[in-house]
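Overview (structure and organization)
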Number of protein chains: 2
Amino acid sequence: MAGNLLIGQSGGPTMVINQSLIGVVQEAKKHPEIDKIYGALNGVVGIMEERLIDFSKESNETLELVASTPSAALGSCRHKPTKEDCMKIFDICKKYDIRYFFYCGGNDSAETAHIVNSIARESNYELRVFHIPKTVDNDLKVTDHCPGYASAARFVAMSFMGNDRDNASLPGVKIDIVMGRHAGFLTAAAALGKTSDECGPHLIYLPERHLSLDKFAADVKAAYDKYGRCLVAVSEGVCGENGDPIMKAYSNETDSHGNIQLSGTGALGDFLVEELKKRLPEGIRVRTDTLGYNQRCFPGAISEIDAKEARMVGEAGVRFAMAGDLDGSVAIKRVKDGDDYQSDVFLTELQSVAKYTKDFPEEFINAEGNGVTQAFIDYVKPLIGTLPKMGILEKNMVEKK
Amino acid sequence: MAGNLLIGQSGGPTMVINQSLIGVVQEAKKHPEIDKIYGALNGVVGIMEERLIDFSKESNETLELVASTPSAALGSCRHKPTKEDCMKIFDICKKYDIRYFFYCGGNDSAETAHIVNSIARESNYELRVFHIPKTVDNDLKVTDHCPGYASAARFVAMSFMGNDRDNASLPGVKIDIVMGRHAGFLTAAAALGKTSDECGPHLIYLPERHLSLDKFAADVKAAYDKYGRCLVAVSEGVCGENGDPIMKAYSNETDSHGNIQLSGTGALGDFLVEELKKRLPEGIRVRTDTLGYNQRCFPGAISEIDAKEARMVGEAGVRFAMAGDLDGSVAIKRVKDGDDYQSDVFLTELQSVAKYTKDFPEEFINAEGNGVTQAFIDYVKPLIGTLPKMGILEKNMVEKK
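Now for a description of the structure that goes with this document. In this text, all values refer to a predicted model and were calculated from it rather than measured experimentally. (Residues numbered from 1 in each chain as written. Chains lettered and ligands numbered in written order. Predicted model: local features only at pLDDT ≥ 70, side-chain atom pairs only at ≥ 80, totals over all residues. Heavy atoms only, no water.)

**Some remarks on the overall build of chain A**
When its secondary structure is counted, chain A shows 13 helices and eleven strands. Its C-alpha atoms give chain A a radius of gyration of 23 Å, near enough to 21 Å, the size a compact globule of 401 residues would have. Taken over the C-alpha atoms alone, chain A extends approximately 85 × 40 × 35 Å along its principal axes. When burial is assessed residue by residue, chain A has 65% of its 401 residues classed as buried. Counting only contacts in chain A whose residues sit at least 6 apart along the sequence, the fraction spanning at least 24 positions is 77%. Counting every atom, chain A has about 14,400 Å² of accessible surface; 47% of that belongs to carbon and sulfur. Across chain A, the 46 positively charged side chains and the 57 negatively charged ones have centroids separated by 3 Å. (Helix = DSSP H or I, 4+ residues; strand = E, 2+ residues; numbered from the N terminus. Rg over C-alpha atoms; globule rule 2.2 N^0.38 Å. Buried < 20%, exposed > 50% of the residue type's maximum accessible area, 1.4 Å probe, protein only. Contact = heavy atoms within 4.5 Å. Areas by Shrake-Rupley, 256 points an atom, 1.4 Å probe, with all protein chains shown as cover. Lys, Arg positive; Asp, Glu negative; His and termini not counted. Charge placed at Lys NZ, Arg CZ, Asp CG, Glu CD.)

**Here we look at the nonpolar core**
In this structure, B:Leu5, B:Phe55, B:Phe102, B:Tyr149, B:Leu186 and B:Phe376 are the most contacted members of the largest nonpolar core, which totals 70 residues. A total of seven residues in this core trace back to one element, the largest contributor, which is helix 6 (residues 149–169) of chain B. Apart from the residues lying within four places of it in its own chain, the contact partners of B:Tyr149 are B:Thr135, B:Val136, B:Asn138, B:Phe185, B:Leu186, B:Ala189, B:Asp306, B:Phe376, B:Tyr379 and B:Val380. A:Met158, A:Ile204, A:Ile365 and A:Val380 belong to the second largest nonpolar core, which has 55 residues in total. (Core = buried A, V, L, I, M, F, W, Y, C linked by side-chain atoms within 4.5 Å.)

**Structural notes on the relation of the copies chain B and chain A**
In the superposition of chain B on chain A (RMSD 0.0 Å, axial shift 0.0 Å), the rotation amounts to 180 degrees. The transformation just described matches what one would write down for a two-fold rotation axis. Residue B:Gly266, judged by its C-alpha, is the member of chain B lying nearest the rotation axis, at 2.1 Å. Of the interface residues in chain B, 100% have counterparts in chain A that sit at the interface too, so the contact is made through matching surfaces. (Least-squares fit on C-alpha atoms with pLDDT ≥ 70 in both.)

**Describing the interface of chain B and chain A**
Taken together, the 82 residues of chain B in the interface contact 82 residues of chain A. Together chain B and chain A conceal approximately 6,600 Å² of surface at their shared face, both sides included; 56% is due to carbon and sulfur atoms. Inspection of the region where chain B meets chain A yields two salt bridges. When the shortest N-O distance is used, the salt bridge between A:Arg296 and B:Asp166 registers 2.7 Å. Applying the counting criterion to the chain B and chain A interface returns 40 residue pairs in polar contact (both at pLDDT 80 or more). Residue assignment for the side of chain B that touches chain A shows that the elements contributing at least two residues are strand 3 (52–54), helix 3 (60–67), helix 6, helix 9 (267–279), strand 9 (286–290) and helix 10 (294–297) of chain B. Counting residues per element, the side of chain B that touches chain A draws most heavily on helix 6 of chain B, which supplies nine residues. Tallied by class, the residues present in the side of chain B that touches chain A amount to 33 nonpolar, 25 polar and 24 charged. (Buried area = accessible area lost by both parts, 1.4 Å probe. Salt bridge = Lys/Arg side-chain N within 4 Å of Asp/Glu carboxyl O. Polar contact = N/O pair within 3.5 Å; in protein donor to acceptor, adjacent residues only side chain to side chain. Nonpolar A, V, L, I, M, F, W, Y, C, P; charged D, E, K, R; others polar.)

**Some remarks on the pairing of strand 11 (residues 342–348) of chain A**
Residue and element names in this part refer to chain A. Pairing of strand 10 (residues 328–336) with strand 11 involves seven bridges; the strand directions are antiparallel. Its bridge partner lying in strand 11, Val 330 is registered against Leu 347. Taking the residues between adjacent antiparallel strands as the criterion, strand 10 and strand 11 are bridged by five residues, where Gly 338 takes a positive phi near 70 degrees. (Pairing = 2+ DSSP bridges.)

**Quick look at helix 4 (residues 83–95) of chain A**
All names here are of chain A. With 13 residues, helix 4 ought to run about 18 Å at 1.5 Å a step, and its terminal C-alpha atoms sit 19 Å apart, in line with that. Residues of helix 4 that are buried include every one of Asp 85, Cys 86, Ile 89, Phe 90, Ile 92 and Cys 93, and no others. Around the axis of helix 4, the buried residues are gathered within 160 degrees of arc, so they sit on the same side. Residues of helix 4 that are buried sit in contact with helix 2 (43–48), strand 4 (98–105) and helix 5 (107–122). (Expected span 1.5 Å × (residues − 1). Arc of directions from axis to C-beta.)

**Topic: the pattern of salt bridges**
When their charged atoms lie close together, side chains carrying opposite charge are able to pair. All names here are of chain A. All chains considered together, the criterion is met by 54 salt bridges over all chains. A salt bridge links Asp 214 to Arg 279, with the nearest nitrogen and oxygen atoms 2.6 Å apart. Here Asp 214, found in helix 8 (residues 213–227), pairs with Arg 279, found in helix 9 (residues 267–279); they are 65 residues apart in sequence, far enough to count as distant. Take Arg 279: its relative accessible area is 34%, and that puts it in the partly exposed class. Here the salt bridges share partners, and the residues they tie into one network are Arg 121, Glu 126, Arg 128, Asp 325 and Asp 327.

**Observations concerning the sheet that holds strand 8 (residues 230–235) of chain B**
Residue and element names in this part refer to chain B. One open sheet holds the four strands; their spatial order is 7-8-6-9, and the pairing between them is parallel. Here the strands that pair on one side only, and so sit at the sheet edges, are strand 7 (203–205) and strand 9. Averaged over all pairs of adjacent strands, the angle between strand axes in this sheet comes to 15 degrees, irrespective of strand direction. Here strand 7 runs beside strand 8; their pairing, made up of three bridges, is parallel. Within strand 8, the position partnered with Tyr 205 by the bridge is Val 234. Against the sheet, helix 8 (residues 213–227) makes contact with strand 6 (173–178), strand 7 and strand 8, and its axis sits at roughly 150 degrees relative to strand 8, the strand it touches most. (Axes fitted to C-alpha atoms, helices over the stretch in contact; angles between N-to-C directions.)

Have a look at this one:
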């Protein structure tokens, strides 16, 4: 089917979301059925405002440099379109003779794609609609994992490797707050920074378990007594004993998806430091860092496998679009696991990814609820690439004179 | 002179302080005059407690892996020794037949080295005392720059490159808090993350200029009006109009050097966000990150030149110690600048580095007091190595239909 292609990016950026974008663009160029390749600035907002760019005017050099650059090159948005918005998007598609619509984002983007697709089908307008998955939270259904997650996990793992050495240098309690909203995948990746039993993170708190501040302080105290220090990973979405995110008390902002603000503030870490200080013996140094937006945009922690897979889902989307009357969300499956890790793509229905998110598996959480299991390590390790090695002195003590 | 060597590490760790440590150890092994090579755990604290390790029992593989690992492998301390402490350190030196004492740290460490050296000279005990410089703050006197600074600057520059792309994806105001205590060197390095006029950081606030919250808000508003967004770098040590660090209000901890706690909390960023929100038009998204301890320990941002120079000052210290009746602090000078950058070492008196710190040069600050000059860029650029390239789409707009 001859026509134009339109692609947009949505939601929180990742380090590799531009690989998916450029994957779509470069693959689309190979197919004569596709005439113009348009990019929507700021996702659905830009579509409704007809702010479109022409990819044919971008040099190949620029496109490939953009591919390896973190964050959404087209601009992103946090807008969840209403049914009326989706009608408008469909009208724009007709107006610009769009026959291939690609939307790269999380589960809300899959839902948008699904609604636009339904409207097109009801109107007998031939429109191939594809959702390209991305999220550092890794909480999309069906796919084994989400492009963007592994690079964020790599940044988190490397941060904990470094922070563990820093904490060993100047012992105390250190709490690092990790992104991931209400899913524990990214915080759990802190465990990859642990290179021996002595090394941290010594404790990991996920949003899937309610946090009792007293139990938290007791855990920290026990680790401190054992190791003379304690490095802790806490999810930004961690909930108190009442089941509400602790950050709810600090957030007076919600986006159009109804999400409260979790990132872009140090409030959770500072709160936990104060609560710990009340409960720990005096004189213990307690510090916090919120790893922040670097987790999704630092240009020095991209996982090669993540970059490759993000590109792959973009390219595959276009090939699926060429293969017939298909719509869907492009998903990843493992073909080989462990050291020989290999993956492939498949197409899943838009509805299967829309609306709901994937839970962090129960079998990935330890019995105490303050760490992860080997099953999780086996799941995530092949995705993030080789980590730097940390050197630790054996420290043979000289006999005192 | 035959005898043993003792080395300790002090103060806030850096990404390359272990290069200096291993530089001393590996060079010392080459000299038969040096018998045992001891390491003090946790700096002067470990010396006074006789917690020493024997480097001969560490494998070469471990030593070289430690060299490339961030943070102080021997452990560090924040203790500023009294005159009595220095007497005790001297006694330990005599007891263990230490003839070569190396102390790696900032200006307080140089002062410790100077006092121990004076005591030894007064006692006619032959002791070669060397200070090996390190600090991410880059505020030591005499030396052109300090080992540890360039890697921290590299992390800061890369963070701003990524955060600029993130801020362009989801426009708003973003404030990133940077380390450096009361010197602007590290915060200024954010400017290296700016890849074009459109790109951020759009504003940089150093501790050398007092911050008026109204002027700050007006600057941010002007940048936001011009670019549709605004990325800001603020030093953790930034002072209010009364000349006191803003963080003073949030700190109830001081170390034995009398320094207030600046790092390990998100309080400054959160304060600035609230103050900005009061002064900016409603509806502008304002977020903050505190770049945190990753600036001194992230294992993926080490500057090759920094690593090489940190090793060089350690090795050179041992060679100076072998050359005669010398003591001092090892300093760096530029031999060639710009793209052909080359450096060399020289020895300076311990007193010349002790007690006082170097000010950030006035000619590095722009007239408005909210940015840096080309002179600063020329100073820092050769030190941090090649930065990743950021790809930005040209965005040729499609004519609206």
